[in-house]
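# What the coordinates show
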Amino acid sequence: MLKVKSPQDLGAGIVFLLIGLAGIVLGRDLDLGSARNMGPGYFPLLISGFIVLIGAIVAGRSFTVEGPAIERLQLRPILMLLVALAVFSFLIREIGVVLTSIIMMIVAAYARPNVGIVETVIFAICVATFVAVVFVFGLNQPMPLWWNG
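Residues numbered from 1 in each chain as written. Predicted model: local features only at pLDDT ≥ 70, side-chain atom pairs only at ≥ 80, totals over all residues. Heavy atoms only, no water.

Turning our eyes to something else, we now look at the overall build of the protein chain. Within the protein chain, the secondary structure is distributed over four helices and zero strands. Taking 15 Å as the expected radius of gyration for a compact globule of 149 residues, we find that the protein chain reaches 21 Å, considerably beyond that expectation. With the C-alpha coordinates aligned to their principal axes, the bounding extent of the protein chain is approximately 65 × 50 × 20 Å. By residue count, 23% of the 149 residues in the protein chain fall in the buried class. Here the contacts in the protein chain between residues at least 6 apart in sequence split such that 65% fall between residues at least 24 apart. Of the roughly 10,500 Å² of accessible surface on the protein chain, 72% is carried by carbon and sulfur atoms. For the protein chain, the distance from the average site of its 9 positive side-chain charges to the average site of its 7 negative ones is 4 Å. (Helix = DSSP H or I, 4+ residues; strand = E, 2+ residues; numbered from the N terminus. Rg over C-alpha atoms; globule rule 2.2 N^0.38 Å. Buried < 20%, exposed > 50% of the residue type's maximum accessible area, 1.4 Å probe, protein only. Contact = heavy atoms within 4.5 Å. Areas by Shrake-Rupley, 256 points an atom, 1.4 Å probe, with all protein chains shown as cover. Lys, Arg positive; Asp, Glu negative; His and termini not counted. Charge placed at Lys NZ, Arg CZ, Asp CG, Glu CD.)

As structure tokens, then:
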């Protein structure tokens, strides 16, 4: 009988398998086309297949390679990252991408304990500058830079 040597790998492999299979099932009604003339379902099916393959490899490794046990579920990181995403989605149109990115990064920083506010604010300003330069100026995305005054 097989013995699980790395429960974390087994758990991660199962998650990958479920995500990949969900992609395959949800995209089954899309036209595949061919490699030369790709339909809307071609790339999602390809990516989902790769995710299933990765899941199978990771899950298979769990029986051969020693690894850590599955850690206790920590709600703080999950909740803070969800709140950060919600903040971004609710504020982007109202106060613009720069201020929204800064607020989002500050909220997301609290996903970990012992947050250094000075480092967090400096990092948030750098990320906001990067987002503005790349998405607003570089890619001409239709996002307001600042609030709609």
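This brings us to the environment of leucine 85. The topology assignment puts leucine 85 in helix α3 (residues 75–109). When the C-alpha positions of leucine 85 and alanine 108 are compared, they lie 8.5 Å apart, and in sequence the two are 23 residues distant.

Remark: helix α1 (residues 7–26) packs on helix α2 (residues 42–61), axes separated minimally by 7 Å, with the N-to-C direction vectors making an angle of 160°. With respect to each other, α1 and α2 are oriented roughly antiparallel. The hand of the α1/α2 crossing is left-handed. Contact residues: α1 offers Asp9, Leu10, Ala12, Gly13, Phe16, Leu17, Ile19, Gly20, Leu21, Gly23 and Ile24, while α2 offers Leu45, Ser48, Gly49, Ile51, Val52, Ile54, Gly55, Ala56, Val58, Ala59 and Arg61. (Axes fitted to C-alpha atoms, helices over the stretch in contact; angles between N-to-C directions. Parallel < 35°, antiparallel > 145°, perpendicular 65-115°, else oblique. Left-handed = near helix turned anticlockwise from the far one by under 90°.)

Here we take up the packing of α3 against helix α4 (residues 117–138). Interhelical geometry of α3 versus α4 gives an angle of 140° and a closest axis separation of 8 Å. Comparing their axes, α4 and α3 come out oblique. Crossing handedness for the pair α3 and α4: right-handed. Counting all contacts with α3, which are made through Val97, Val98, Ser101, Ile102, Met105, Ile106 and Ala109, the residues of α4 involved are Thr120, Val121, Phe123, Ala124, Ile125, Val127, Ala128, Val131, Ala132 and Val136. Looking at the contact of α3 with α4 residue by residue, the class counts come to 15 nonpolar, two polar and no charged. (Nonpolar A, V, L, I, M, F, W, Y, C, P; charged D, E, K, R; others polar.)

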